[in-house]
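Report on the structure
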Amino acid sequence: MKVRNPLASLGVTMLGALSLTILASVPVLFIPFWELGLFYLALAAFFVGAFAGRSSLLGSLGFAGATVGGFAGVSLFLVLFQPAGWPSGWEYLFGLGLGGLCGLGGMATGKLGLRRVEKMVESMPRVRRCMRCGAKVGITARKCWSCKGYLPPT
């Protein structure tokens, strides 16, 4: 398993939440009542955030990335494709609320990424310490890199 840059995972989470939010918002155009469409968008935003948050390494990065991406996606969708019957002028407020719900979903599954990091650390090669100076050396090292002392065989 490869360790990634946390900022790269934030960007991937933001892009994933943005694109998936726009894609998940399309069925709202076919729902006749705007209250029902808002309920659908709230559920869809949470699950989009949960899906997008899986690509982040930490829960806080999942929350931040999914919030920004969800807000941008919902706001962009409502500005471009204002569904019939929706109140005008409330697009950014709806976007902020639904982006927050998207962020909660991202935080819920972003914490799961920490378990992946713990698994990677467990699978890394073990190290041991030099008995003379305490420096960490490889498991198969014969001499300490720090004090040049010989190490007992493993």
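Higher on the page you've got the structure.
Residues numbered from 1 in each chain as written. Predicted model: local features only at pLDDT ≥ 70, side-chain atom pairs only at ≥ 80, totals over all residues. Heavy atoms only, no water.

Each pair of packed helices gets described by two things: the angle between the helix axes and the distance between those axes. At a closest axis distance of 9 Å, the pairing of helix α1 (residues 6–25) and helix α2 (residues 34–52) adopts a crossing angle of 150°. Put simply, α1 runs roughly antiparallel to α2. Pair α1 / α2 crosses with right-handed handedness. Contacts between α1 and α2 involve Thr13, Gly16, Ala17, Leu20, Thr21, Ala24 and Ser25 from the first element and Tyr40, Leu41, Ala44, Val48, Phe51 and Ala52 from the second. Residue composition of the contact of α1 with α2, by class: nine nonpolar, four polar and no charged. (Axes fitted to C-alpha atoms, helices over the stretch in contact; angles between N-to-C directions. Helix = DSSP H or I, 4+ residues; strand = E, 2+ residues; numbered from the N terminus. Parallel < 35°, antiparallel > 145°, perpendicular 65-115°, else oblique. Left-handed = near helix turned anticlockwise from the far one by under 90°. Contact = heavy atoms within 4.5 Å. Nonpolar A, V, L, I, M, F, W, Y, C, P; charged D, E, K, R; others polar.)

Along its 19 residues, α2 runs 26 Å from first to last C-alpha, staying within 8% of the 27 Å computed at 1.5 Å per residue. Of the positions making up α2, those classed as buried are Gly37, Leu41, Ala44, Ala45, Val48, Gly49, Ala50 and Ala52. (Expected span 1.5 Å × (residues − 1). Buried < 20%, exposed > 50% of the residue type's maximum accessible area, 1.4 Å probe, protein only.)

With that out of the way, let us pick up a nonpolar patch on the surface. Residues Val26, Leu29, Phe30, Phe71, Leu76, Val79, Leu80, Phe81, Trp90, Tyr92, Leu93 and Leu96 make up a contiguous nonpolar surface patch of roughly 1,200 Å² in combined accessible area. Sort the elements by how many residues they give to the nonpolar patch and helix α3 (residues 59–80) lands first, with four residues. Within the secondary structure, Val79 sits in helix α3. In this structure Val79 comes out as partly exposed when scored by relative accessible area, which is 46%. (Patch = residues over 30% accessible without salt bridge, like charges linked within 9 Å, V, L, I, M, F, W, Y side chains within 5 Å. Areas by Shrake-Rupley, 256 points an atom, 1.4 Å probe, with all protein chains shown as cover. Salt bridge = Lys/Arg side-chain N within 4 Å of Asp/Glu carboxyl O.)

Scanning the model with the defined rule gives six aromatic pairs in all. Both rings, one in Phe77 and one in Phe81, keep their centres 5.5 Å apart while their planes meet at 45°; by these two values the pair is tilted. Residue Phe77 is classed as buried on the basis of its relative accessible area, which comes to 2%. Taken together, the ring pairs in this structure connect Trp34, Trp86, Trp90 and Phe94 into an aromatic cluster. (Phe/Tyr/Trp six-rings, centres within 6.5 Å; stacked < 30°, edge-to-face > 60°.)

What follows deals with the environment of Met107. With respect to the helices and strands, Met107 occurs in helix α4 (residues 91–110). Each residue touching Met107, except ones within four places of it in the same chain, is listed here: Gly59, Gly62 and Phe63.

Counting 16 residues, the largest nonpolar core has Leu41, Leu78, Trp86, Leu98 and Cys102 as its most contacted members. Of all elements in the fold, only α1, α2, α3 and α4 reach the threshold of two or more residues within this core. In terms of residue count, α2 provides more of this core than any other element does, five residues in total. In contact with Leu78, not counting residues within four places along its chain, are Pro83, Trp86, Glu91 and Phe94. Within the second largest apolar cluster, five residues are counted, among which are Cys130, Ala135, Cys144 and Leu151. (Core = buried A, V, L, I, M, F, W, Y, C linked by side-chain atoms within 4.5 Å.)

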